Amino acid sequence: MTGKQKAAILLISLGPDVSASVYKHLSEEEIERLTLEISGVRKVDSHDKEEILEEFHNIALAQDYISQGGIGYAKQVLEKALGTDQATAIINRLTSSLQPFDFARKADPGQILNFIQNEHPQTIALILSYLDPTQAGQILSELPQEVQADIARRIALMDSTSPEIINEVEQILERKLSATVTQDYTQTGGVEAVVDVLNGVDRSTERTILEALEIQDPELAEEIKKRMFVFEDIVTLDGRAIQRVVRESENEDLKLSLKVASDEVKEIVFKNMSKRMVETFQEEMEYMGPVRLRDVEEAQSRIVAVIRHLEETGDIVIARGGGDDIIV
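As a convention, each chain's residues are numbered from 1 in the sequence order in which they are written. Residues qualify for local features only when their pLDDT is at least 70, as the model is predicted, and side-chain atom pairs are given and counted only at 80 or more; totals for whole chains, interfaces and linings, by contrast, use all residues. Remark: hydrogens and water are excluded; side-chain values derive from all non-hydrogen atoms of the structure.

Caption draft 1: Spatial organisation of the side chain of lysine 255. Among the secondary structure elements, lysine 255 is positioned in helix H16 (residues 251-259). Burial classes follow relative accessibility: with a 1.4 Å probe on protein chains only, a residue under 20% of its type's maximum area counts as buried, one over 50% as exposed, and anything between as partly exposed. Taking the relative accessible area as the measure of exposure, lysine 255 reaches 6% and is therefore buried. Every residue pair with non-hydrogen atoms within 4.5 Å of one another is taken to be in contact. Discounting chain neighbours no more than four positions away, the residues touching lysine 255 are Phe281, Glu284, Met285 and Met288. Here a strand is any run of E in DSSP of at least two residues, a helix any run of H or I of at least four, and the numbering for each starts at the N terminus.

Next up, the structure:
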């Protein structure tokens, strides 16, 4: 039986009250798929029911053991209780639901680069989307410039990947490194993933990729740029940069943005204003009254746009991965 069929029989066996409680922890799509599967069950064989309940019980125990002492401890305990074969099967089932490519995140980026640089861009994008962002950024920086933007775009547009495809891709590295295999559809990629990766590359690589994306997919490029530096990241700028941002930004935008900003952001911005300006800002912000969240977000976006423009013109530096942003 498939995992979905087993899940349906398990919920039927547990009864409507327990099943309803389980449903509260599932996504709408999972509920729909499971409900459809349950509705198709006409009769549950008693033998199948007992086997599925026992399998679920063993997996729950194994998960508890893993949380107590790790995978090695869980396997040791299960082997004593169930035998080597069954213990191995249960541990494999559990570890298959862990983050794919866990083995690769522990490997040297240069080593991974050697294994994947000649693969199809979609394969490279899939692997990079699962790696640590800093690690993925280092690898992307070393890939040929003509494929960097294409791979970044594929990561951003990636949605969910079937277990068959992930299994196939993991096989590419299995001969070189120890691999784990996922059995479930796993959400990966997306704009946030490519933003994390690009935050790990050097400035030159980032600029090359974004310029190419602006030609291939202007809307995607703009969305990525919006998310690469958020208003709260202003705390990472040095004093001179913040003073320049304050001068270049509209006062109304600054007041709106600071009204709901964290104390850390307010402190560092006020620290780089004149005493008189701070007093004026604080007084006007106090009498501003309630403000709409949308207005605040728009004001913060305009300030972020100012920061991005100042960086592009070389007037300020935003610290990120790579060596060309080191100030000497």
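So, next bit.
Caption draft 2: Layout of helix H15 (residues 239-248). Taken as a whole, H15 has its buried residues at Ala241, Ile242, Val245 and Val246. With its buried residues spanning 140 degrees around the axis, H15 presents them on a single face. Against the buried residues of H15 lie H16, helix H17 (263-271), helix H18 (275-286) and helix H19 (293-312). This arc is built from the directions going out from the helix axis to the C-beta atoms.

Caption draft 3: Examining the nonpolar core more closely. Note on terminology: a nonpolar core comprises buried Ala, Val, Leu, Ile, Met, Phe, Trp, Tyr and Cys residues joined through side-chain atoms within 4.5 Å. By size, the foremost hydrophobic cluster in this structure holds 37 residues, and its most contacted members are Leu128, Leu131, Leu140, Ile151, Leu198 and Ile224. Elements that contribute at least two residues to this core include exactly helix H7 (109-116), helix H8 (121-130), helix H9 (133-142), helix H10 (145-157), helix H11 (163-174), helix H12 (191-198), helix H13 (203-216) and helix H14 (218-228). Judged by nonpolar contacts, the second largest core, of 25 residues, contains Ala241, Leu258, Phe270 and Val278.

Caption draft 4: Broad picture of the packing of H16 against H19. For the pair H16 and H19, interaxial distance at closest approach is 8 Å and the crossing angle is 120 degrees. In terms of orientation, H16 lies oblique with respect to H19. The element H16 and its partner H19 pack so that their crossing is left-handed. Taking contact as the criterion, the partners of Asp253, Leu254, Leu256 and Ser257 in H16 are, on H19, Asp295, Val296, Ala299, Gln300, Arg302 and Ile303. Gly falls in the polar group here, along with every residue not listed as nonpolar (Ala, Val, Leu, Ile, Met, Phe, Trp, Tyr, Cys, Pro) or charged (Asp, Glu, Lys, Arg). Taken together, the residues of the contact of H16 with H19 sort by class into five nonpolar, two polar and three charged. Axes, fitted as lines to C-alpha atoms, cover a helix only where it is in contact. Angles between the N-to-C directions of the axes lie from 0 to 180 degrees. The cut-offs work like this: below 35 degrees is roughly parallel, past 145 is roughly antiparallel, 65 to 115 is roughly perpendicular, and the gaps in between are oblique. The sense of a crossing depends on the near helix, which, turned anticlockwise from the far helix by less than a right angle, makes the crossing left-handed and, turned clockwise, makes it right-handed.

Caption draft 5: View of a nonpolar patch on the surface. Within the patch definition used here, like charges are joined within 9 Å and nonpolar side chains (Val, Leu, Ile, Met, Phe, Trp, Tyr) within 5 Å, considering only residues with over 30% relative accessible area and no salt bridge. Only the protein chains shown count as cover for residues, with accessible areas throughout obtained via the Shrake-Rupley method and a probe of 1.4 Å. Whenever Lys or Arg places a side-chain nitrogen within 4 Å of a carboxyl oxygen from Asp or Glu, that contact is recorded as a salt bridge. There is a patch of nonpolar side chains on the surface, built from Leu14, Val18 and Val22 and spanning about 190 Å² of accessible area. Of note, valine 18 is situated in helix H2 (residues 16-23).

Caption draft 6: View of the packing of aromatic side chains. Here is the rule: rings of Phe, Tyr and Trp (six-membered ring for Trp) pair when centre to centre is within 6.5 Å. Planes less than 30 degrees apart are stacked, more than 60 are edge-to-face, and the remainder are tilted. Counted by the stated rule, this structure contains zero aromatic pairs. Sitting over the ring of phenylalanine 281, lysine 255 keeps its end group 5.5 Å from the ring centre. Two thresholds decide whether a charge sits over a ring: the Lys NZ or Arg CZ must be within 6 Å of the ring centre and within 35 degrees of the ring normal.

Caption draft 7: Structural view of the pattern of salt bridges. A complete count under the given rule lists ten salt bridges for this structure. Here arginine 244 ties to glutamate 248 by a salt bridge, and the two come within 3.2 Å at their closest N and O atoms. Of the two residues, arginine 244 and glutamate 248 both sit in helix H15, four residues apart, roughly one turn of that helix. With a relative accessible area of 42%, glutamate 248 lands in the partly exposed category. In this structure, aspartate 253 and arginine 302 form a salt bridge, with 2.8 Å as the shortest nitrogen-oxygen distance. With aspartate 253 in helix H16 and arginine 302 in helix H19, the pair connects residues that are 49 residues apart, well separated along the chain. Under the relative-accessibility criterion, aspartate 253 is labelled buried at 9%. Here the salt bridges do not stand alone but share partners, grouping Arg244, Glu248 and Asp315 into one network.

Caption draft 8: Spatial organisation of the side chain of asparagine 272. By the element assignment, asparagine 272 lies in the loop between H17 and H18. Its relative accessible area of 15% is what places asparagine 272 among the buried residues. Residues within four places of asparagine 272 in sequence aside, it is in contact with Gly239, Ile242 and Gln243.

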